[in-house]
Amino acid sequence: MMLVHTVNEVREQVKKWRSEGLSVGLVPTMGFLHEGHQSLIAASVKENDRTVVSIFVNPTQFGPNEDFEAYPRDIKKDMALCDETGADLIFNPEPEEMYPDGFCTYTNITGMSDALCGKSRPIHFKGVCTVVSKLFNIVCPDMAYFGEKDAQQLAIIKRMVKDMNIPIEIKGCPIVREADGLAKSSRNTYLSASEREAALILSKAIFAGRDMVKAGERDAKKVVEAMTEIIKSEPLAAIDYVEMVDVETMQSIDVIEGNILCAIAVKIGKTRLIDNFNDIIHQASP
Ligand code: PAF
């Protein structure tokens, strides 16, 4: 497995693979990899001849008071995980390589990025779309892999690829959870022992909401209210949002029907965590 730091090195290697007729998968990450990332890498290794993992804590997707500096980093551990999972190349650029002096071109998506996480993180998706479109242009993969935990990000990237005619297939991979239900996240490392316990309230609410929908509840407000009550029962939890939206538009829905996303963002102490469930609900026949 190779570790490279410059755009030119990635381009040279991908060019060589292409000349040999090999397909390429890309797994964009910010590092501090866990089993969730590992499932994306494993999917790419299975479906492509070669897999590139990018590891870059992207400054443009963090707001001024967010955790850019504190975001956990461990390139040695990440390299070991990538190697054992079968990745072929890690692209680990410095910020100046991605954003050289004079950088002033951004990729933005309107509407969808104002909902859910976009309300409290107004520049987040502009930063995500910018770095992801740059990575797409640098690696030119056949397929790119993203986790369904970041459901809004996944929907936005799918939309961006469609709108901009980017010839890359976007693959979403299921949320990976700890044995007790907590969705895996690099940010879980911020949690103290009592906060780790309290964080279980997210998956508890998600599973309860999902069960209500499975049992036939079609009133979005009722599901959102029930989930909100559950989260409020945890003293360490502060709700950012609990919402039921249409997955394509990210707009709130009243009736649970079609391709729906129920998403939550909750602060446990200072740590903001997200979770969701997604379902396709067919209209009941009259
Ligand atoms: O999901 C992430 O880790 C990041 O938002 C991504 C897609 C790697 C862009 O920086």
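Let me sum up the structure you'll find in this document. A quick note: this is a predicted structure, and the numbers were derived from the prediction, not measured. (Residues numbered from 1 in each chain as written. Predicted model: local features only at pLDDT ≥ 70, side-chain atom pairs only at ≥ 80, totals over all residues. Heavy atoms only, no water.)

### A word on the sheet that holds strand β3 (residues 50-55)
- With parallel pairing, six strands are arranged side by side in an open sheet as β1-β4-β3-β2-β5-β6. In this open sheet, the two edge strands, each paired with only one partner strand, are β1 (2-4) and β6 (169-173). Each strand of the sheet is rotated relative to its neighbour by a mean of 25°, with strand direction disregarded.
- With six bridges connecting them, strand β2 (residues 24-29) and β3 associate as parallel partners. Within the sheet, the bridge partner assigned to Gly25 lies in β3 and is Thr51.
- Of the strands in this sheet, β1, β2, β3 and β4 (89-91) are in contact with helix α1 (residues 7-19), which crosses β4 at around 150°.
- The strands touched by helix α6 (residues 124-139) are β2, β3, β4, β5 (143-147) and β6; relative to β2, the strand with the most contacts, the crossing angle is about 150°. (Pairing = 2+ DSSP bridges. Helix = DSSP H or I, 4+ residues; strand = E, 2+ residues; numbered from the N terminus. Axes fitted to C-alpha atoms, helices over the stretch in contact; angles between N-to-C directions. Contact = heavy atoms within 4.5 Å.)

### So, the packing of helix α2 (residues 35-47) against helix α3 (residues 75-85)
- Close contact between α2 and α3 brings their axes to 9 Å; oriented N to C, the two are set at 35°. Seen from above, α2 lies across α3 with right-handed handedness. Listed contacts from α3 to Gln38, Ile41, Ala42 and Val45 of α2 are Leu81, Cys82, Glu84 and Thr85.
- Here the residues of the contact of α2 with α3 sort into five nonpolar, two polar and one charged. (Left-handed = near helix turned anticlockwise from the far one by under 90°. Nonpolar A, V, L, I, M, F, W, Y, C, P; charged D, E, K, R; others polar.)

### With respect to unusual backbone geometry
- At Phe32, a residue that is not glycine, the phi angle is positive and equals roughly 50°.
- For Phe32, the location among the structural elements is in the loop between β2 and α2.

### Some remarks on α6
- With 16 residues, α6 extends 22 Å from end C-alpha to end C-alpha; this agrees with the ideal 22 Å at 1.5 Å per step.
- For α6, the tally of buried residues reaches 14 of 16 residues, placing the bulk of the element in the interior.
- After α6 finishes, the residue Cys140 shows a positive phi value of roughly 50°. (Expected span 1.5 Å × (residues − 1). Buried < 20%, exposed > 50% of the residue type's maximum accessible area, 1.4 Å probe, protein only.)

### Points about the site of the ligand
- Around the ligand, the surrounding shell consists of Pro28, Thr29, Met30, Asn58, Gln61, Val128, Val131, Val132, Phe146 and Gln153.
- At 2.6 Å from an oxygen atom of the ligand is found a side-chain nitrogen or oxygen belonging to Gln61.
- At 2.7 Å, a side-chain N or O of Gln153 approaches an oxygen atom of the ligand.
- Contact with the protein chains covers 88% of the free accessible surface of the ligand, which is 290 Å².
- At the level of secondary structure, the elements contributing two or more residues to the shell around the ligand comprise β2 and α6. (Near = heavy atom within 4 Å. Polar contact = N/O pair within 3.5 Å; in protein donor to acceptor, adjacent residues only side chain to side chain. Areas by Shrake-Rupley, 256 points an atom, 1.4 Å probe, with all protein chains shown as cover.)

Just distances and angles here, no functional claims.
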